[in-house]
Amino acid sequence: MILKGIGGLYSVWAEGSGRIYQCSARGIFRKDAKKPLIGDRVTLDELDDKNKTAAIVEIAPRKSELRRPAVANIDKLIFVAASSNPKPDLLLLDKMLISAQIIKVEFVLMISKSDQEPEYAVSMVEQYSPAVKCFVTSAKNYESFKPVIEYIDGATSVIAGQSGAGKSTFINAVAGENIMDTGNLSEKTGRGKHTTRHSELFKVTDGFKNPTFIIDSPGFSMLEADSIEPRYLQDYYPEMYNNKGICKFQDCSHTGEPGCFAGELINEGKMHPARLQRYSVIYKELSEKYKNRYK
Ligand SMILES: Nc1nc2c(ncn2[C@@H]2O[C@H](COP(=O)(O)OP(=O)(O)OP(=O)(O)O)[C@@H](O)[C@H]2O)c(=O)[nH]1
Ligand SMILES: [Mg+2]
Ligand SMILES: [Zn+2]
């Protein structure tokens, strides 16, 4: 499995021996315009165990392919949002959750730094669960990471979220050794400083039963979420599609029309009002884009 690729040189983890080889890709790939990606399962040849080098001769068909971070064969996505410091951008988070559904990768929400603003961490859980599986964590309490460890055991996962949310801190906690740089927030802006700037898959070992990989990503592409036709937005809200109801108007957008079933969802506690309010914001943004789609 390719863990890292810099300047045409790839670090490849060999299942079985557990060794890591520095590999170049044979010319055949360039001819097919097929570039090896992090996460690719590959076949190696010309193994040199003394110098730990080899050549990549074949790439196995990909299960999935993410553009940003550029990584193949991802099983799970962990979205990290801090209870505070940095203040979470829940609109952005909602959009990331939508993107994950478009690309069809299983995802969870990790509400990090719960020691900072415990009450807001609880509010976040109220907003997202049970539609989205939530883990509440704090780096000050290792026990809180255990359910996340269990969730990603044996999988290849991407961890994504705002700068400073604690992504690298989590990886370090489960890596067995400190492998990632972590950064303080900017005193001026209260935001993270984008400490992690490159993508790499790490084999994490602490507490895992099976080979487990995680990629810390400085960004997560959400282009996919921009292209939804507004009327289909509801299909990305488990609160809505798991609790289907009937609205007075057949083409109801669920953004404030009378006789809308979203009102019942709120009253019955099946959808959080703040989630619905942000749904309206996203719906309006998508409607603008949709109106101008041929311009
Ligand atoms: N109080 C508290 N601080 C935390 C926690 N997790 C991380 N931090 C701190 O928050 C800061 C940012 O953490 P990082 O792990 O570097 O954040 P990141 O998400 O990797 O940020 P980027 O690499 O910039 O995207 C560091 O100073 C961490 O020590 C936590 O659970 N509680
Ligand atoms: Mg980081
Ligand atoms: Zn409606």
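Residues numbered from 1 in each chain as written. Chains lettered and ligands numbered in written order. Predicted model: local features only at pLDDT ≥ 70, side-chain atom pairs only at ≥ 80, totals over all residues.

Asker: I'd like a description of the overall build of the protein chain, backed by residues and values.
Answerer: The helix and strand inventory of the protein chain stands at nine helices and 13 strands. Against the 2.2 N^0.38 benchmark of 19 Å for 295 residues, the protein chain shows a C-alpha radius of gyration of 21 Å, consistent with a compact globule. By its C-alpha atoms, the protein chain is 70 × 45 × 40 Å across when sized along the principal axes. Sorting the 295 residues of the protein chain into buried and exposed places 34% on the buried side. Within the protein chain, contacts between residues separated by at least 24 positions form 65% of all contacts whose residues are at least 6 apart in sequence. (Helix = DSSP H or I, 4+ residues; strand = E, 2+ residues; numbered from the N terminus. Rg over C-alpha atoms; globule rule 2.2 N^0.38 Å. Buried ≥ 20, exposed ≤ 12 C-beta atoms within 10 Å, placed from the backbone. Contact = placed C-beta atoms within 7 Å.)

Asker: With reference to specific residues and values, describe the sheet that holds strand β2 (residues 9-13).
Answerer: One open sheet holds the five strands; their spatial order is β1-β2-β3-β5-β4, and the pairing between them is mixed. Of all the strands in the sheet, the pair left with one neighbour each is β1 (2-6) and β4 (42-48). When strand polarity is set aside, the average angle formed by the axes of neighbouring strands in this sheet is 35°. Pairing analysis gives five bridges linking β2 to strand β3 (residues 20-25), with the strands arranged antiparallel. When the sheet's bridge partners are listed, V12 is paired in β3 with Y21. (Pairing = 2+ DSSP bridges. Axes fitted to C-alpha atoms, helices over the stretch in contact; angles between N-to-C directions.)

Asker: Explain the pairing of β3 residue by residue, including any values.
Answerer: Burial along β3 is one-sided: Y21, C23 and A25 are buried, and none of I20, Q22 and S24, which face the opposite way, are. Connecting the antiparallel pair β2 and β3 is a turn made up of six residues, with G16 showing a positive phi of about 100°. One ladder, built from four bridges, connects β3 with strand β5 (residues 53-59); its direction is parallel. Opposite S24, over in β5, you have A55 as the bridge partner.

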